[in-house]
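# Report on the structure
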Amino acid sequence: TSSNNNNNVSTVFCCGDHACIRKILLLSKKKMSWGELLRVDPQELKFPLELKKQVSCSLQLSNNTENYIAFKVKTTNPKKYCVRPNTGIVLPRSTSDVTVTMQAQREFPSDMQCKDKFLLQSVTASPGTTPKDINADMFNKESGNLVEECKLRVIYVSPPQPPSPVPEGSEEGSSPRGSVSENGNFSTSDSAFVPRIYGDSQEQSSEANSLISKLTEEKTSAIQQANKLRQELELMKHESNKSRGGLSFLFFVLVGLFGILLGYILKKT
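Everything quoted here is computed from the prediction, not taken from an experiment.

## Some words on the packing of aromatic side chains
Scanning the model with the defined rule gives two aromatic pairs in all. Their ring planes at 40° and their centres at 5.8 Å tell us that Phe-47 and Tyr-81 sit as a pair that is tilted. Residue Phe-47 is found in strand β4 (residues 44–48), and its partner Tyr-81 is found in strand β7 (residues 81–84); the two are separated by 34 residues along the sequence. A relative accessible area of 0% places Phe-47 in the buried class. With 5.0 Å between their ring centres and 75° between their planes, Tyr-81 and Phe-118 make a pair best called edge-to-face. In this pair, Tyr-81 sits in strand β7 while Phe-118 sits in strand β10 (residues 117–125), placing the two residues 37 residues apart along the sequence. Taking relative accessible area as the criterion, Tyr-81 reaches 6% and is therefore assigned buried. Within the aromatic cluster, the residues linked to one another by ring pairs are Phe-47, Tyr-81 and Phe-118.

Here it is, written out as structure tokens:
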């Protein structure tokens, strides 16, 4: 090892020694900044929390280099989350999607805070590498591999509030109802709505009254006809008692008509 104090530059010489090579790699690793291999979007995992329901969110991994990049996703709570795929290869100048699914939760956390973390590791792979070729040694820093790491945190999103129920009698596209002011008076937006309700009520009341009046007239007419037939029947009975031949055929006809009319009246009422 030789050093140049004037230029403050250190140079390392070695002759194929593995320890020396590892040292060089470790020094190079310190200069690597996050995002040189893969860009992750978004950098937070947001889950809309719903009880007894699985929820998912996606990550997009972008490879802006000319190399094959291998990645691996880890979590502090593997029983709670399912990552697909948890390892893979992102081809040069391309993207890959990762889906993280949170298992169904039985209750809401008291403070809606989550301490779970995710770690995305990425390394440069040889051209032509496939997901089947990925192994744990590729992400082993102790072996001198340059491993880029991105930490992701989990955020719970409150479930959406259900829409307020539509007031009974309102229709889609109708003008919205205004609110009642503190003094009990309707606001300006209600001035057009109140007469509309009042007018509809009057129209319905008028139709009901007309129908009731018509039914009453029909009932009165039917009763009058029934009374008239009853009088004729009594007259026929009186005349038949005087005659020797008994009840005539006309009497039976009148009785039948009276029964039909009476059944009609009872059905109407």
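From this point, the narrative continues.
## Here we look at the nonpolar core
Counting 26 residues, the largest nonpolar core has Phe-47, Tyr-81 and Phe-118 as the members making the most contacts within it. Among the nonpolar cores identified, the runner-up in size contains eight residues, and Ala-70, Ile-89, Ile-134 and Val-147 belong to it.

## What to know about the environment of Asn-227
Structurally, Asn-227 can be placed in helix α2 (residues 193–242). Exposure remark for Asn-227: the relative accessible area of 32% places this residue in the partly exposed category.

## Examining the sheet that holds strand β8 (residues 87–90)
Each strand in a sheet pairs with another by means of backbone hydrogen bonds, the pair being arranged parallel or else antiparallel. The five strands lie next to each other as β4-β11-β10-β6-β8, forming an open sheet whose pairing is mixed. Of all the strands in the sheet, the pair left with one neighbour each is β4 and β8. In this sheet, adjacent strand axes meet at a mean angle of 25° when their direction is disregarded. Relative to strand β11 (residues 148–157), β10 runs antiparallel, the two sharing six bridges. Opposite Leu-119, over in β11, you have Lys-151 as the bridge partner.

About the thresholds
Residues numbered from 1 in each chain as written. Predicted model: local features only at pLDDT ≥ 70, side-chain atom pairs only at ≥ 80, totals over all residues. Heavy atoms only, no water. Phe/Tyr/Trp six-rings, centres within 6.5 Å; stacked < 30°, edge-to-face > 60°. Helix = DSSP H or I, 4+ residues; strand = E, 2+ residues; numbered from the N terminus. Buried < 20%, exposed > 50% of the residue type's maximum accessible area, 1.4 Å probe, protein only. Core = buried A, V, L, I, M, F, W, Y, C linked by side-chain atoms within 4.5 Å. Pairing = 2+ DSSP bridges. Axes fitted to C-alpha atoms, helices over the stretch in contact; angles between N-to-C directions.

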